[in-house]
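Spelled out from the first residue to the last, the chains are:
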Amino acid sequence: VQLQASGGGLVQAGGPLRLSCAASGHTFSNSDMGWFRQAPGKDRDLVAVINYSGGRTDYADSVKGRFTISRDNAKKTGYLQMNTLKPEDTAVYYCAASLYASDVPSRDQRNYAYWGQGTLVTVSS
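This write-up is about the structure you can find in this document. (Residues numbered from 1 in each chain as written. Predicted model: local features only at pLDDT ≥ 70, side-chain atom pairs only at ≥ 80, totals over all residues. Heavy atoms only, no water.)

With respect to the layout of surface pockets
Phase 1 of the analysis: For the largest pocket, the calculated volume is near 170 Å³.
Phase 2 of the analysis: What lines the largest pocket is simply R37, Q38, A39, K42, D43, D45, L46, S62, E88, T90 and A91.
Phase 3 of the analysis: Where the lining of the largest pocket is concerned, the elements lending two or more residues are β4 (33–38) and β5 (44–50).
Phase 4 of the analysis: For the lining of the largest pocket, the per-class residue count stands at three nonpolar, three polar and five charged. (1 Å grid on protein atoms, 1.4 Å probe; cavity = no way out; pocket = protein on both sides within 12 Å on 5 of 7 lines; lining within 4 Å. Points joined across faces, edges and corners; volume = space filled by probe spheres on them. Helix = DSSP H or I, 4+ residues; strand = E, 2+ residues; numbered from the N terminus. Nonpolar A, V, L, I, M, F, W, Y, C, P; charged D, E, K, R; others polar.)

Digging into the nonpolar core
Phase 1 of the analysis: With 28 residues, the main nonpolar core has W35, V47, F67, L80, M82 and Y93 as its most contacted residues.
Phase 2 of the analysis: At the level of secondary structure, the elements contributing two or more residues to this core comprise β1 (2–6), β3 (17–24), β4, β5, β7 (67–72), β8 (77–82), β9 (91–98) and β11 (119–124).
Phase 3 of the analysis: Of all hydrophobic cores here, the second largest spans five residues; its members include F36, L46, A96 and Y112. (Core = buried A, V, L, I, M, F, W, Y, C linked by side-chain atoms within 4.5 Å. Buried < 20%, exposed > 50% of the residue type's maximum accessible area, 1.4 Å probe, protein only.)

Points about the state of the cysteines
Phase 1 of the analysis: For the structure on display, the rule yields one disulfide.
Phase 2 of the analysis: Bridging C21 to C95, the disulfide has an S-S length of 2.2 Å. What sets the handedness of the C21 and C95 disulfide is the S-S torsion sign, and at about 70 degrees it is right-handed. Linking C21 in strand β3 with C95 in strand β9, this pair joins segments that are 74 residues apart in sequence.
Phase 3 of the analysis: We classify C21 as buried; its relative accessible area is 1%. (Disulfide = S-S within 2.5 Å.)

Points about the pairing of β7
Phase 1 of the analysis: Of the two faces of β7, only one is covered, namely that formed by F67, I69 and R71; the face formed by T68, S70 and D72 stays uncovered.
Phase 2 of the analysis: Across six bridges, the pairing between β7 and β8 is antiparallel. Its bridge partner being in β8, T68 is matched across the sheet by Q81.
Phase 3 of the analysis: As consecutive antiparallel partners, β7 and β8 are separated by four residues, and within that stretch K76 has a phi angle of approximately 55 degrees, a positive value. (Pairing = 2+ DSSP bridges.)

Remember, this is a structural readout, not a statement about activity or role.
This is the structure we're talking about:
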């Protein structure tokens, strides 16, 4: 099972960026997935999660209204569209996949067994 995150980079505050997470060797469509991030000197935290079908999402309060999580099960790929980026969004972003297919995706990263390598997002002010 491998997850490959991509799309990070340097962006000015207020700008958009889209992250992708490609899955291989994994029944992606039977797994909830999520995006988590780790800022320098801080713990890794929830950004957004989506259930296996894409019908249910959940977000950290700090990104609600600015970020959108989605998935394309046919392409075995998840996405995180980030708009109106702020300097405090600077972090390494990780995608993760769960062992579970749930109606309500878990916000707890301990429930996510598979992790991508992370992609760095830097937002300049």
